[in-house]
Amino acid sequence: MSKNRIATLLLTAFMVMFVMPANLSALDDASSLECDGGIVSRGDSEAEVRDKCGDPQKVTREDADSPIIWFYNFGPSEFVSYVSFTNGIVERIQLGGYGD
């Protein structure tokens, strides 16, 4: 087997073992989100989340059948938070890496 082939196989193995799993699990589920105005939990309404955390920095939605996702970035010492809503109710809270 050539050195180039071995190098390619080693690089591929490294990517599969270390890089890809990190990308697949980039967001962690959380049971709640602590904001200055209170704690957000599953079942809270959009109005309650806005009262507790303020306006989101970004709002996204992939299509009409997917949840609305509010994005909060509370700064470099806090995790970025993603709050997913279905029918105006918190369905899921996820945390990413540290914010800006």
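Presented here is a report on the structure given in the accompanying data block. Here, residues in each chain are numbered from 1, in the same order as that chain's written sequence. Reporting in this predicted model follows two pLDDT cut-offs: at least 70 for local features of residues, and 80 or more for side-chain atom pairs to be given and counted; totals over whole chains, interfaces and linings ignore these cut-offs and use all residues. Excluding hydrogens and water, the side-chain values take into account all heavy atoms of the structure.

1. Some details on the sheet that holds strand 5 (residues 68-72)
- One open sheet accounts for 5 strands, arranged 1-7-6-5-4; its pairing is antiparallel. Every interior strand has two partners, whereas the edge strands, strand 1 (28-30) and strand 4 (58-60), have only one. Neighbour to neighbour, the strand axes of the sheet diverge by 30 degrees on average, direction disregarded.
- A pair of strands counts as paired when DSSP detects no fewer than two bridges linking them. In this text, helices come from DSSP runs of H or I with a minimum length of four residues, and strands from runs of E with a minimum of two, each type numbered from the N-terminal end. Sheet analysis places strand 5 next to strand 6 (residues 79-86), joined by 5 bridges and oriented antiparallel. Bridge pairing in strand 6 places W70 opposite V83.
- Sheet strands touched by helix 2 (residues 46-53): strand 5, strand 6 and strand 7 (89-98). Its angle to strand 5, the strand with the most contacts, is close to 5 degrees. All axes here are fitted lines through C-alpha atoms, helices being fitted over the stretch that makes contact, and every angle between N-to-C directions spans 0 to 180 degrees. Whether two residues are in contact is decided by their heavy atoms: any pair within 4.5 Å suffices.

2. What about the pairing of strand 3 (residues 38-41)?
- Of the pairings in the sheet, the one linking strand 2 (residues 32-35) to strand 3 comprises 4 bridges and is antiparallel in character. Bridge pairing in strand 3 places C35 opposite G38.
- Hairpin geometry of strand 2 and strand 3 is characterised by an intervening segment of 2 residues between the two adjacent antiparallel strands.

3. With respect to the environment of T60
- Its location among the elements puts T60 in strand 4.
- Spatially, the C-alpha atom of T60 lies 6.7 Å from that of W70, the residues being 10 residues apart in sequence.
- Filtering out sequence-adjacent residues up to four positions away, T60 remains in contact with P67, I68 and I69.

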